[in-house]
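# Descriptive analysis of the structure
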Amino acid sequence: MLGLLLPALSVLGLLGVSPPVTGLPNGAPTSACESMMPRHQGVQPQPPPPPYTIRVSTRTSTAGQPVQVTILGPDYAGVLLEARSGSDTRALGSWQTPPSNTKFLTCSGNQQGAITHSNTNIKNNSTVYTWITPSGPSSIFFMATVAQQRTVYWLNVKSEPLTISGVSLEGGASPVAVAGGLLFLLPSLLLTLLYSS
Ligand SMILES: *[C@@H]1O[C@H](CO)[C@@H](O)[C@H](O)[C@H]1NC(C)=O
Ligand SMILES: *[C@@H]1O[C@H](CO)[C@@H](O)[C@H](O)[C@H]1NC(C)=O
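About the cut-offs
Residues numbered from 1 in each chain as written. Chains lettered and ligands numbered in written order. Predicted model: local features only at pLDDT ≥ 70, side-chain atom pairs only at ≥ 80, totals over all residues. Heavy atoms only, no water. Helix = DSSP H or I, 4+ residues; strand = E, 2+ residues; numbered from the N terminus. Buried < 20%, exposed > 50% of the residue type's maximum accessible area, 1.4 Å probe, protein only. Contact = heavy atoms within 4.5 Å. Areas by Shrake-Rupley, 256 points an atom, 1.4 Å probe, with all protein chains shown as cover. Pairing = 2+ DSSP bridges. Disulfide = S-S within 2.5 Å. Phe/Tyr/Trp six-rings, centres within 6.5 Å; stacked < 30°, edge-to-face > 60°. Near = heavy atom within 4 Å. Polar contact = N/O pair within 3.5 Å; in protein donor to acceptor, adjacent residues only side chain to side chain. Salt bridge = Lys/Arg side-chain N within 4 Å of Asp/Glu carboxyl O.

### With respect to the overall build of the protein
What the protein contains, in helices and strands, is 2 helices and 11 strands. Along the protein, helices and strands appear, N-terminal first, in the series α-β-β-β-β-β-β-β-β-β-β-β-α. Every one of the 197 residues in the protein was classed for burial, and the buried ones make up 34%. Considering only contacts within the protein whose residues lie at least 6 apart along the sequence, 63% involve residues at least 24 apart. A total of about 11,300 Å² of accessible surface is found on the protein, and carbon and sulfur atoms cover 62% of it.

Written out as structure tokens, the structure is:
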């Protein structure tokens, strides 16, 4: 059984028979995390601009805060959704329970790093994705590949930037550390002033 199946699968692979990621009926694979691109040679993306925009519930956030993300535009069947910072291709933050007809995709070693479709049922602007803000980046944006159907998809659907503000308790200079540093520095500063005059 396996002896027959494996050669058959590799022949299909060589012929490039695999469909585009967003055309896969049950979602994009982890190998698509970075490029967010379908790998099928025959099906080109639609030219920009996409008919989709990404609406984000807030323009600023702090670590741990949930943010609601919605894809506005025509009904869609397939999606791959990630948060990114700058030109870094890592998927940032952590998605919460996926809405119906979608699921988590492991990206950048994070099991909740991305969201993809779990079937080709219609998704629309009532499909709301919830994302938890990470500590670290000072600004992120959401980026998606959105497919209306197997052969009709857009890359690079991007949101406006989301600013991540506030003093994070882990990492960064805490007020106590700053005060401690001043207490240590002030006497030496005074001594320097005394001896230099
Ligand atoms: C979105 O799709 C769902 C399921 O098909 C449907 O029940 C709902 O009315 C749609 N919402 C909008 C705003 O189109
Ligand atoms: C959501 O979709 C419905 C049906 O297409 C439309 O009437 C409504 O204006 C949309 N809402 C937003 C916020 O785009």
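### A few points about the sheet that holds strand β3 (residues 66-72)
Sheet architecture is open: 4 strands sit in the order β1-β3-β8-β5, paired in antiparallel fashion. Unpaired on one side and paired on the other, β1 (53-56) and β5 (94-95) mark the two borders of the sheet. Sheet topology note: the β5/strand β8 (residues 128-132) ladder contains 2 bridges and is antiparallel. Across the sheet, residue Trp95 finds its bridge partner in β8, namely Trp131.

### Here's the deal with the state of the cysteines
Counting across every chain of the model gives 1 disulfide. The partner cysteine of Cys33 in its disulfide is Cys107, sulfur to sulfur 1.9 Å. Disulfide Cys33-Cys107: the torsion about the S-S bond is -80°, which places it as left-handed. Linking Cys33 in the loop between α1 (2-14) and β1 with Cys107 in strand β6 (residues 102-107), this pair joins segments that are 74 residues apart in sequence. For Cys33, a relative accessible area of 7% gives the class buried. Overall, the relative accessible area of 1% leaves Cys107 in the buried class.

### Quick look at the packing of aromatic side chains
Under the criterion given, the structure shown has 5 aromatic pairs. Ring geometry for Tyr52 and Tyr76: centres 6.0 Å apart, planes at 85°, overall edge-to-face. With a gap of 24 residues between them, Tyr52 in the loop between α1 and β1 and Tyr76 in the loop between β3 and β4 (78-84) connect regions that are remote in the sequence. In this structure, Tyr52 and Tyr76 share a single accessibility class: buried.

### Some words on the site of ligand 2
As a matter of local geometry, ligand 2 sits amid Arg55, Leu72 and Asn125. Here an oxygen atom of ligand 2 and a side-chain polar atom of Asn125 are 2.3 Å apart. In isolation ligand 2 has 360 Å² of accessible area, and contact with the protein removes 27% of it.

### Here's the deal with the site of ligand 1
Lining the immediate environment of ligand 1, one finds Asn124, Asn125 and Ser126. Asn124 is positioned with one of its side-chain polar atoms (N or O) 2.2 Å from an oxygen atom of ligand 1. The side chain of Ser126 places a nitrogen or oxygen atom 3.0 Å from a nitrogen atom of ligand 1.

### Considerations on the environment of Tyr52
Of the residues examined, Tyr52 reaches a relative accessible area of 3% and is grouped as buried. Residues Tyr52 and Asp75 lie 23 residues apart in sequence; the distance between their C-alpha atoms is 9.7 Å. The contacts of Tyr52, once residues within four sequence positions are left out, are Ile71, Leu72, Gly73, Pro74, Asp75, Tyr76, Val146, Gln148, Trp154 and Val157.

### Focus: the pattern of salt bridges
Following the criterion strictly, the structure yields 2 salt bridges and no others. Across the pair Arg84 and Glu82 runs a salt bridge whose closest N-O atoms are separated by 2.9 Å. Assigned by exposure class, Arg84 and Glu82 land together as buried. Between Asp88 and Arg90 there is a salt bridge whose closest N-O contact spans 2.6 Å.

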